[in-house]
Amino acid sequence: MPLEGEYEPSPTKWVREQVELYESSDGAKGTTIRGMPVVLVTNRGARSGKIRKTPLMRVEHEGSYALVASNGGAVKHPVWYHNLIASPVVELRDGPKVRDMRARLVTGEERRTWWDRAVDAFPDYAGYQRKAEREIPVFVVEPLD
């Protein structure tokens, strides 16, 4: 696994608890938010350099995943967006399966295709886009070669 270093748990209680449950059960528990499947994304903090972990909605297609930087429709990008821009190597846990992957920001037609997949997987994204005062970024993560 390419990500090593000190883990800094989220300051948000529900995120910390979900990450702990997901990992302590080897991906058997903590795998949903509001009844929808999630993956656990591990990345390196852009400013701190520490290891960060975030549960994100599961949007998978042929072994690649979309990571949607919706931040619930907030005006600002989520912190993890900046982390992936600075350091695109991530570890993605989908249930018990853990893979080393690389994230890339997608644009144009590729973004539209992945956006549609994301909205199909988690319809709330459409509402988040309407209230966000920005185009919500979409990353695609693919296995490291």
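Chains are numbered independently. Their residues run from 1 in the order of the written sequence. Reporting in this predicted model follows two pLDDT cut-offs: at least 70 for local features of residues, and 80 or more for side-chain atom pairs to be given and counted; totals over whole chains, interfaces and linings ignore these cut-offs and use all residues. Side-chain metrics rest on all non-hydrogen atoms present in the structure, leaving aside hydrogens and water.

1. So, the pattern of salt bridges
- By definition, a salt bridge exists where a carboxyl oxygen of Asp or Glu is found within 4 Å of a side-chain nitrogen of Lys or Arg. Inspection of the entire model under this criterion finds eleven salt bridges.
- For E17, the salt bridge is made with K13, and the minimal N-O distance between the two is 3.5 Å. In this pair, E17 and K13 both sit in helix α1 (residues 13-24), four residues apart, roughly one turn of the helix.
- Here's how the labels work: a residue is buried when its accessible area is under 20% of the maximum for its type, exposed when over 50%, partly exposed in between, all with a 1.4 Å probe on protein chains only. Residue E17 is classed as partly exposed on the basis of its relative accessible area, which comes to 45%. Helix and strand assignments come from DSSP, with helices taken as H or I runs of at least 4 residues and strands as E runs of at least 2, each series counted from the N terminus.

2. Some details on the environment of T32
- With respect to the helices and strands, T32 occurs in strand β1 (residues 32-33).
- For the pair T32 and G95, spaced 63 residues apart in sequence, the C-alpha to C-alpha distance is 10.0 Å.
- In this description, contact between two residues means that some pair of their heavy atoms is separated by no more than 4.5 Å. Setting aside anything within four residues of it in sequence, one finds T32 in contact with Q18, P37 and V38.

3. What about the packing of aromatic side chains?
- Here is the rule: rings of Phe, Tyr and Trp (six-membered ring for Trp) pair when centre to centre is within 6.5 Å. Planes less than 30 degrees apart are stacked, more than 60 are edge-to-face, and the remainder are tilted. Under the defined criterion, the tally for this structure stands at six aromatic pairs.
- Plain terms: the ring middles of F122 and Y125 are 5.0 Å apart, the flat faces sit at 75° to each other, and that makes the pair edge-to-face. Neither F122 nor Y125 differs from the other in exposure class; each is buried.
- Judged by centre distance (6.1 Å) and plane angle (75°), the ring pair of Y125 and Y128 falls under edge-to-face. On the criterion of helical spacing, the pair formed by Y125 and Y128 is a turn pair, its members being three residues apart in helix α4 (residues 124-131). Neither Y125 nor Y128 differs from the other in exposure class; each is buried.

4. A short note on the nonpolar core
- Counting residues in each nonpolar core, the largest one holds 21 residues, and the members touching the most others are M57, V68, W114, W115, Y125, I136 and V138.
- Breaking this core down by element, the ones donating at least two residues are α1, β2 (36-44), β5 (64-68), α3 (108-121), α4 and β8 (138-143).
- Not counting residues up to four positions away in its chain, the partners in contact with W115 are V68, Y125, A126, Q129, I136 and V138.
- To form a nonpolar core, buried Ala, Val, Leu, Ile, Met, Phe, Trp, Tyr and Cys residues must be joined to one another through side-chain atoms within 4.5 Å. Core analysis: the next-biggest nonpolar cluster, separate from the first, contains 15 residues, V39, V41, Y65 and W80 among them.

5. Focus on unusual backbone geometry
- Of note in the backbone geometry, E62 takes a positive phi value of approximately 50° without being a glycine.
- Within the element layout of this structure, E62 appears in the loop between β4 (60-61) and β5.
- Here E62 falls in the exposed class, since its relative accessible area comes to 72%.
- Its identity is not glycine, yet N71 carries a phi of approximately 50°, on the positive side.

6. Notes on α1
- Taking 1.5 Å of rise per residue, twelve residues should cover 16 Å, and α1 covers 16 Å from first to last C-alpha, within 8% of that figure.
- Within the span of α1, buried status applies to V15, Q18, V19 and Y22. Looking straight down α1, one finds its buried side chains confined to an arc of 100°; they lie on one side. Exposed positions of α1 whose direction lies more than 90 degrees from the buried face are K13, E20 and S24.
- Packed against the buried residues of α1 are β1, β2, β3 (51-57) and β6 (89-94).
- Directly after α1, the chain includes D26, whose backbone phi takes a positive value near 55°. Helix span is expected to be 1.5 Å times the residue number reduced by one. Our arc is simply the arc of the directions from the helix axis toward the C-beta atoms.

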